[in-house]
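Structural overview for review
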Amino acid sequence: MSKVAIVMGSTSDLPVMQDAIDILKGFDIEVDVDIVSAHRTPEKLFDFSKNAHKNGISVIIAGAGGAAHLPGMVASMSPLPVIGVPVKSSNSIDGWDSVLSILQMPGGVPVATVALNGAKNAGILAAQIIGSSDKCVLDKIILYKEGLKQKVIEGAKEVKKIK
């Protein structure tokens, strides 16, 4: 069974990152959650990044606010796909510093970046990556997307009733 690691720079990021945890659990994907600060626990960051693939992790979701170095630093040391979640933190410049820090990676160190506070989409993307080689997960994603479609169809029916 595939496992997704969700790491964040501090506990203040957890309310945002909880959306990734919840959506992955909804797809029955095992989640390993931890706090790994690029600036305050660099040794832990190095150990996690270099060994995640040896510990059964398939995809890494890294959320960070402010300078937001965590996703890029993880991606620089790990052979796994890394999805970055820019978090709008209390010390950020409206979140743009986080977005640009994660988005503007140099060639050779890719980080798939989702929207500001977009942890739910990070979870879905991680599930889709796993689903590309796991039919059970793929089937759950197909059902999930069908559910999204049905919500729109139902919403359109409700709008048509308004006069």
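The shown structure was predicted, so the numbers you read here are calculated from the model rather than taken from an experiment.

Digging into the packing of helix α2 (residues 42-51) against helix α3 (residues 70-77)
Running from N to C, α2 and α3 point in directions that differ by 50°, and their axes come no closer than 8 Å. Between α2 and α3, the angle falls in the class oblique. Of the two possible hands of crossing, α2 and α3 adopt the one that is right-handed. Together, L45, F46, F48, S49 and K50 of α2 and L70, M73, V74 and M77 of α3 make up the contact between the two elements. Grouping the amino acids of the contact of α2 with α3 by side-chain chemistry returns seven nonpolar, one polar and one charged.

Overview of the packing of aromatic side chains
Scanning the entire structure with this criterion turns up one aromatic pair. Here the aromatic rings of F27 and Y144 are separated by 5.5 Å at their centres, their planes lie at 80°, and the arrangement is edge-to-face. Placement of F27 in the loop between α1 (14-26) and β2 (30-35) and of Y144 in helix α6 (residues 135-161) is noted, with a sequence separation of 117 residues between them.

Comments concerning α3
Of all eight residues that make up α3, six are buried, and the element is covered over most of its length. Restricting attention to buried positions, one finds in α3 the residues L70, P71, G72, V74, A75 and M77.

Here's the deal with the pattern of salt bridges
Pairing of side chains with opposite charge becomes possible as their charged atoms draw close. Tallying each qualifying case throughout the model produces six salt bridges. Between K44 and D34 there is a salt bridge; the shortest N-O distance is 3.1 Å. Within this pair, whereas K44 is found in helix α2, its partner D34 is found in strand β2, the two being separated by 10 residues in sequence. For the salt bridge of E158 with K161, the shortest nitrogen-to-oxygen distance reads 3.2 Å. With E158 and K161 both in helix α6 and three residues apart, the pair spans about one turn of that helix. Residue E158 is classed as partly exposed on the basis of its relative accessible area of 43%.

Thresholds, definitions, all that
Residues numbered from 1 in each chain as written. Predicted model: local features only at pLDDT ≥ 70, side-chain atom pairs only at ≥ 80, totals over all residues. Heavy atoms only, no water. Axes fitted to C-alpha atoms, helices over the stretch in contact; angles between N-to-C directions. Helix = DSSP H or I, 4+ residues; strand = E, 2+ residues; numbered from the N terminus. Parallel < 35°, antiparallel > 145°, perpendicular 65-115°, else oblique. Left-handed = near helix turned anticlockwise from the far one by under 90°. Contact = heavy atoms within 4.5 Å. Nonpolar A, V, L, I, M, F, W, Y, C, P; charged D, E, K, R; others polar. Phe/Tyr/Trp six-rings, centres within 6.5 Å; stacked < 30°, edge-to-face > 60°. Buried < 20%, exposed > 50% of the residue type's maximum accessible area, 1.4 Å probe, protein only. Salt bridge = Lys/Arg side-chain N within 4 Å of Asp/Glu carboxyl O.

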